[in-house]
Amino acid sequence: MKLSKISEHIYYMEHDPETDRPALGYIKGKKGGFMMDAGNSAAHYQLFMEKLQENQLPSPRYLSVTHAHWDHTFALWATDAVTIAGGKTNKELEKMSHWTWDDASMEKRLETGEDSDFSDTHIRKEYAHRSDIKVKTAEISFNGSMTIDLGDVTCILREIVSPHCRDSVIFLIPQDEVIFLGDSYCSVPKGEEWVYDKVLLTAYIDELERIDFRHAIKGHHPPQTKEALLAELRAEWKRL
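Predicted, not measured: the structure shown is a model, and the values here were computed from it.

Rules of the game
Residues numbered from 1 in each chain as written. Predicted model: local features only at pLDDT ≥ 70, side-chain atom pairs only at ≥ 80, totals over all residues. Heavy atoms only, no water. Pairing = 2+ DSSP bridges. Helix = DSSP H or I, 4+ residues; strand = E, 2+ residues; numbered from the N terminus. Axes fitted to C-alpha atoms, helices over the stretch in contact; angles between N-to-C directions. Contact = heavy atoms within 4.5 Å. Buried < 20%, exposed > 50% of the residue type's maximum accessible area, 1.4 Å probe, protein only.

Describing the sheet that holds strand E1 (residues 3-5)
Across a sheet, paired strands are connected by hydrogen bonds in the backbone, their directions being either parallel or antiparallel.
Working step 1: Pairing within the open sheet is mixed, and its seven strands lie in the order E1-E2-E3-E4-E5-E6-E7. Of all strands in the sheet, those bounded by a partner on one side alone are E1 and strand E7 (140-142). Strand-to-strand twist of the sheet, defined as the mean angle between neighbouring strand axes without regard to direction, takes the value 25 degrees.
Working step 2: In the packing of helix H3 (residues 87-96) onto the sheet, contacts are made with strand E6 (82-86) and E7, and the angle to E6 comes to roughly 105 degrees.

Right under this line is the structure:
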């Protein structure tokens with residue numbers, strides 16, 4: 001995995017499908033760094049810290065997550081940065097912090113639909129010892145939107161309607177015309193299929209059309225231009 005620079009202030013480390021590690025992002029500002037998503041384990045987070053160090057970038061002052069799913073949040077406990085999440089996300093993390101990770105408990109959550117086969121499979125791959133899993137809420141939560149001033153660059157954290165989950169937050173960096181999407185653009189796993197809700201996808205496309213950006217960093221796919229992203233989502237909509 002390498003750290004790539006996508007604009008003047010923004011870097012990202014690409015996703016790794018082997019254990020469902022999403023892309024992680026970083027904004028370099030005069031007042032400190034801002035990390036986008038925490039990673040799916042302490043090992044994932046530490047790899048990102050090593051890449052920052054290799055590129056002479058300071059450890060993040062702030063870290064925020066895009067939603068509560070395990071692959072974006074299970075490394076929250078491993079950072080010294082100030083952690084931030086949407087209010088809905090923090091409520092989900094609070095609930096998940098009481099989960100146990102033995103086989104019987106994981107199988108029960110599959111039966112109730114609290115978790116998916118896809119997540120279960122990749123959690124088992126990422127964690128050789130599931131006793132290492134620690135779920136933590138963020139220190140700061142917000143509702144609606146929040147702006148982080150990093151001096152020469154700002155990051156707008158904004159809740160958005162998403163076909164992927166009910167607690168999606170996107171990060172908009174206006175000065176660089178970049179948006180960090182997390183998984184907000186994704187469908188959801190149902191058995192072995194990935195399925196979009198047409199109503200939610202319609203609302204999501206409408207919102208993205210109104211946001212000013214040129215490049216989008218996606219959680220589990222390569223970055224795209226706004227035009228390519230919207231074309232892809234509209235094609236998905238037509239198939240529904």
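Describing unusual backbone geometry
Working step 1: In the Ramachandran plot, aspartate 37 falls in the positive-phi region, its phi being about 75 degrees despite a non-glycine side chain.
Working step 2: Mapped onto the elements of the fold, aspartate 37 is located in the loop between strand E4 (32-36) and helix H1 (42-54).
Working step 3: Judged by its relative accessible area of 0%, aspartate 37 falls in the buried class.
Working step 4: You will see that glutamine 56, though not glycine, has its phi angle at about 55 degrees, which is positive.

Section: the environment of leucine 229
Working step 1: Summarising the element assignment, leucine 229 is placed in helix H7 (residues 226-239).
Working step 2: Taking the C-alpha atoms as reference, leucine 229 lies 20 Å from methionine 36; in sequence the two are 193 residues apart.
Working step 3: Once you skip the residues sitting within four places of it in the chain, leucine 229 turns out to touch Leu181, Leu208, Phe213, Ala216, Lys218 and Gln224.

Some details on the pairing of strand E14 (residues 215-218)
Working step 1: The sheet contact formed by strand E11 (residues 178-182) and E14 spans four bridges and is parallel. When the sheet's bridge partners are listed, glycine 182 is paired in E14 with lysine 218.
Working step 2: The pairing of E14 with strand E15 (residues 224-225) spans two bridges and is antiparallel. From the neighbouring strand, histidine 215 faces E15, where its bridge partner is threonine 225.
Working step 3: Between E14 and E15, which follow one another and run antiparallel, lie five residues.

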